[in-house]
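Summary of structural features
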Amino acid sequence: MLGVCSPLAGRLAERYGTRRLLVTAGLALASSAALLALPSVAAPGILLLVDYLLFGLGVGLAAPLLISTAVSGLPPDRAGFASGLFTTAGRSGFALGVAVLGAILAAGLRQRPLSHVAAFEEAVRPAWCLVAAGGLAVALLGVLITAPRPVRSRAR
């Protein structure tokens, strides 16, 4: 989904508006993380497939739309700098997020022995809740920083 949605995000934004797509992306990320936070010792493969599709949809739509939103109001000579800065901040945030989520998991696993899948799921649940909150934050930012509908230009 990530590979499919990222290239299509611009065209979809022209048709449906950036706001709708960012809200969709955030809700997809939040739903995916919430599904993973649920106790599911014997999760069927189809549930994991749906979950991974939702996660890929969310990331695939959010990443290009957030970059284009960040640079859209700048003059062309500053857009490259802003895009690079945004990408650097995103990569740094991603690395920090992986470290924080790994620390949450490690702390949870120290409290209980990893004897079976249920112990791992219990230890990782707070991390998935944090990811779900991040998805909701993307949806909220989509509402706060974008126009309600796409601006359509008339061809002359």
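It should be emphasised that the depicted structure is a prediction, and the values quoted were computed from it without experimental measurement.

1. What to know about the overall build of the protein chain
Scanning the protein chain from N- to C-terminus turns up 5 helices and 0 strands. Overall, the protein chain shows an N-to-C arrangement of helices and strands of α-α-α-α-α. Of all 156 residues assigned to the protein chain, the portion counted as buried reaches 24%. Considering only intrachain contacts with a sequence separation of at least 6, the fraction spanning at least 24 residues in the protein chain is 70%. On the protein chain, roughly 10,000 Å² of surface is accessible, and the fraction owed to carbon and sulfur atoms is 69%.

2. Here's the deal with a nonpolar patch on the surface
On the surface, M1, I46, L47, L49, V50 and L53 cluster together to form a nonpolar patch covering roughly 510 Å² of accessible area. Examined against the element boundaries, L53 turns out to sit in helix 3 (residues 45-71). By relative accessible area, which is 40% here, L53 ends up partly exposed.

3. Remarks on the nonpolar core
In this structure, C5, A9, A13, L21, L22, A25, L61, A62, L65 and V138 together form the largest nonpolar core, which totals 10 residues. Of all the secondary structure elements, the ones that give two or more residues to this core are helix 1 (2-16), helix 2 (18-37) and helix 3. Non-local contacts of A9, meaning those with residues more than four positions away in its chain, are made with L21, G60, L61, P64 and L65.

4. Some points on the side chain of T69
Along the chain, T69 falls in helix 3. One polar contact links the side chain of T69 to the main-chain carbonyl oxygen of L65, over a distance of 2.7 Å. Beyond its immediate stretch of four places on either side in the chain, T69 contacts T18, L22, I145 and T146.

5. Remarks on helix 2
Because an α-helix packs 3.6 residues into every turn, residues spaced three or four apart end up facing the same way. Its 20 residues give helix 2 an end-to-end C-alpha distance of 28 Å, which sits within 8% of 28 Å, the value for a rise of 1.5 Å per residue. Considered for burial, the residues of helix 2 that qualify are L21, L22, A25, G26, A28, L29, A30, S32, A33 and A37.

6. Some remarks on the environment of A139
Assignment of secondary structure puts A139 in helix 5 (residues 117-145). Taking the C-alpha atoms as reference points, A139 and L22, 117 residues apart in sequence, are found 5.8 Å from one another. Not counting the four nearest positions on each side in its chain, A139 is found in contact with L22, V23, G26 and L27.

7. Remarks on the packing of helix 2 against helix 3
It is at 8 Å that the axes of helix 2 and helix 3 come closest, and there the two elements cross at 145°. Handedness of the crossing formed by helix 2 with helix 3: left-handed. Partitioned by chemical class, the residues of the contact of helix 2 with helix 3 number 18 nonpolar, 6 polar and 1 charged.

Here is what the cut-offs are and how they apply
- Residues numbered from 1 in each chain as written.
- Predicted model: local features only at pLDDT ≥ 70, side-chain atom pairs only at ≥ 80, totals over all residues.
- Heavy atoms only, no water.
- Helix = DSSP H or I, 4+ residues; strand = E, 2+ residues; numbered from the N terminus.
- Buried < 20%, exposed > 50% of the residue type's maximum accessible area, 1.4 Å probe, protein only.
- Contact = heavy atoms within 4.5 Å.
- Areas by Shrake-Rupley, 256 points an atom, 1.4 Å probe, with all protein chains shown as cover.
- Patch = residues over 30% accessible without salt bridge, like charges linked within 9 Å, V, L, I, M, F, W, Y side chains within 5 Å.
- Salt bridge = Lys/Arg side-chain N within 4 Å of Asp/Glu carboxyl O.
- Core = buried A, V, L, I, M, F, W, Y, C linked by side-chain atoms within 4.5 Å.
- Polar contact = N/O pair within 3.5 Å; in protein donor to acceptor, adjacent residues only side chain to side chain.
- Expected span 1.5 Å × (residues − 1).
- Axes fitted to C-alpha atoms, helices over the stretch in contact; angles between N-to-C directions.
- Left-handed = near helix turned anticlockwise from the far one by under 90°.
- Nonpolar A, V, L, I, M, F, W, Y, C, P; charged D, E, K, R; others polar.

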